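# Observations on the three-dimensional arrangement
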Amino acid sequence: MDLESTNSSAEVWALIVSVGRDLNLPFVDFVTADNYADWKRTLFVRTSYDSSWLNDLNADPDVVKWSYFRTHAIHHLTPLATGVEFIDDYMHIPEARHEVLKEAARRGIRAGFSIPLRTHAPPQASMITFSGDHSKREMRRIIQTHGWVLNAVAMMGFQRYLAHFSAEFVDRNRISEKQRELLEMIGAGLQDKVIAERLGVTVSAVRQRMNNILAKTGLANRADLAALAMSVGLVPDPLSRSSARDPVVLVEMGVAPQGKGRFRRRDPQDH
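Below or above, wherever it landed, is the structure these notes cover. (Residues numbered from 1 in each chain as written. Predicted model: local features only at pLDDT ≥ 70, side-chain atom pairs only at ≥ 80, totals over all residues. Heavy atoms only, no water.)

## Observations regarding the packing of aromatic side chains
Evaluation of the coordinates by the stated rule reveals five aromatic pairs. Considering the side-chain rings of Phe30 and Tyr161, the 4.9 Å spacing of their centres and the 75° angle between planes classify their relative orientation as edge-to-face. One end of the pair, Phe30, is in strand 1 (residues 27-33); the other, Tyr161, is in helix 6 (residues 136-167), and 131 residues separate them in sequence. On the accessibility criterion, Tyr161 (2% relative accessible area) is buried. When the centroid spacing of 5.9 Å and the interplanar angle of 20° are considered together, the rings of Tyr161 and Phe165 count as stacked. Here Phe165 and Tyr161 lie together in helix 6, a separation of four residues that amounts to about one turn. Owing to a relative accessible area of 23%, Phe165 belongs among the partly exposed residues under this scheme. Ring pairs connect the aromatic residues Trp13, Phe30, Phe158, Tyr161 and Phe165, which therefore count as one cluster. (Phe/Tyr/Trp six-rings, centres within 6.5 Å; stacked < 30°, edge-to-face > 60°. Helix = DSSP H or I, 4+ residues; strand = E, 2+ residues; numbered from the N terminus. Buried < 20%, exposed > 50% of the residue type's maximum accessible area, 1.4 Å probe, protein only.)

In structure tokens form, the structure reads like this:
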């Protein structure tokens, strides 16, 4: 209920961290990557603690590009125990990476519980990790007792966080009201001439504003701007649109081989 009543991504993050602290797992990491297979494409990292000590360690390319836990998140959605206490449970890791885990342990991050998450579809992925200064035995007890809670909090918090984070894009990138209006029209599929007529400006002025948004956001082209307009909620997702005159509900019954279900049209008035 608290998550549903949040108004910002910051509020969601505070709630996630508070759960970790209540369960004696105060070190919380939240990593979201556009493509976990390419570590350079990390979108953002949030930590509940000062993680600046990792900066020098991650300057080593052999350290930053290798992570058993990140590799796990690419291919699986099952949670796993992490940290130096569980090092013997995994495949061999490079010594440089082992040193990172030992340094984390010296700072109180000995063991943790990582929950892989999906943004949209692979390879886009996220991971929330709750950690603390615990032995393997203690951490296993915490997971056995509270694992379902942590998993649920991570999944629900992640969805709520991303909803706010996307909506906050406009403010985060200081998109003006005029630029926001232009984004909405681009997302609706209007061409430059039509947009110019509606705004009462020249076509060249429309294109200049468009170029300003591209420069401000780092996007590449008009298609990117249309996708942005949808992702931040300025225009509806075209896949979710339906005709008011001919609503269609897809109903699948039974289990079809190879994922090919049989669907039939159903009027929403039917019971």
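Following the structure, the description resumes.
## A closer look at the nonpolar core
Core analysis: the largest hydrophobic core is formed by 30 residues, its most contacted members being Ile16, Val28, Phe30, Ile128, Phe130, Met139 and Tyr161. Contributing elements (two or more residues each) for this core: helix 1 (9-22), strand 1, strand 3 (80-82), strand 4 (111-118), strand 5 (125-132) and helix 6. If one sorts the elements of this core by residue count, helix 6 sits on top with eight residues. The residues contacting Tyr161, other than those within four sequence positions of it, are Ser9, Val12, Trp13, Phe30, Phe44 and Arg46. (Core = buried A, V, L, I, M, F, W, Y, C linked by side-chain atoms within 4.5 Å. Contact = heavy atoms within 4.5 Å.)

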